[in-house]
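# Observations on the three-dimensional arrangement
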Amino acid sequence: MNNMIAPSGYRLVDETAVSVETFRNGMAALASAVTVVTTDGPHGPHGFTASAVCSVSDTPPTVLVCINRGTGAHPYILEHGVLAINVLHDGQHDLSDIFSSRSRSMNERFAAARWHAGPTGAPVLDDALASFDCRIREIRDVGTHTVVIAHVVDIVMGGEGVRPGLVWFNRQYGRAVPK
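Values in this document were obtained by computation on a predicted structure and should not be read as measured data. (Residues numbered from 1 in each chain as written. Predicted model: local features only at pLDDT ≥ 70, side-chain atom pairs only at ≥ 80, totals over all residues. Heavy atoms only, no water.)

### What about the sheet that holds strand β6 (residues 82-87)?
An order of β3-β2-β6-β9-β10-β5-β4 is seen for the 7 strands of this open sheet, with the pairing classed as antiparallel. If you trace the sheet from one side to the other, it starts and ends with β3 (46-50) and β4 (53-58), each paired once. Sheet twist, expressed as the average angle between the axes of neighbouring strands with direction ignored, equals 30 degrees. Two strands pair when backbone bridges link them, and strand β9 (residues 130-142) and strand β10 (residues 145-157) are joined in this way by 12 bridges, in the antiparallel orientation. Bridge pairing in β10 links I136 to A150. Each of β2 (35-39) and β3 touches helix α3 (residues 93-100); the most contacted strand, β3, lies at about 120 degrees to it. (Pairing = 2+ DSSP bridges. Helix = DSSP H or I, 4+ residues; strand = E, 2+ residues; numbered from the N terminus. Axes fitted to C-alpha atoms, helices over the stretch in contact; angles between N-to-C directions. Contact = heavy atoms within 4.5 Å.)

This is the structure we're talking about:
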């Protein structure tokens with residue numbers, strides 16, 4: 001619990017009250033946008049599929065990304081200090097699968113779509129619903145993941161019209177359809 005500020009009454013024993021299986025089953029009921037998080041720098045482009053991404057603040061524009069420390073891109077994102085969060089549309093589940101596959105090289109992953117460098121140098125997906133180009137502000141290890149808090153320096157909105165978003169719900173892909 002390094003540097004953690006715990007509320008009054010918090011007990012470490014509370015952290016073991018829920019089993020891993022119960023937690024995962026509960027989280028399966030929480031629909032999440034599917035994104036591809038990318039970075040580039042001295043070690044070349046790296047990326048992975050993520051659904052643990054959210055807004056932190058609009059002033060200044062800040063986002064949070066949770067990165068499994070076992071993900072191959074993990075050390076490179078932290079070392080490069082920049083990342084792009086590319087929000088996928090419902091026609092990009094194959095791209096999500098490619099970026100989540102441990103058997104795919106980074107070259108294969110990036111060859112599966114068209115990219116351009118954002119202002120930070122992080123790869124921005126040409127046809128994402130939206131891409132958030134960010135500089136890392138803070139990192140914290142929590143359990144199996146690193147929580148990255150990043151300042152948004154640029155946003156690219158995708159294409160014309162609104163496409164359904166790709167979501168992860170109940171351990172499968174779904175669509176978020178605007179009304």
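### Re the pattern of salt bridges
In the structure shown here, the tally under the stated rule is 4 salt bridges. In this structure, the salt-bridge partner of D141 is R69, at a minimum N-O distance of 3.7 Å. Remark: R69 occurs in the loop between β5 (61-68) and α2 (74-80) and D141 occurs in strand β9; sequence separation between them is 72 residues. Residue classification places D141 among the exposed positions, given a relative accessible area of 53%. Residue classification places R69 among the partly exposed positions, given a relative accessible area of 36%. Of the charged contacts, one joins D126 and R114 as a salt bridge, the two residues approaching to 3.5 Å between their closest N and O atoms. Separated by 12 residues along the polypeptide, D126 in the loop between β8 (123-125) and β9 and R114 in the loop between α4 (106-111) and β7 (115-117) bring together distant segments of the chain. On the accessibility criterion, R114 (64% relative accessible area) is exposed. (Salt bridge = Lys/Arg side-chain N within 4 Å of Asp/Glu carboxyl O. Buried < 20%, exposed > 50% of the residue type's maximum accessible area, 1.4 Å probe, protein only.)

Read these as layout, nothing more, since geometry by itself doesn't imply function.
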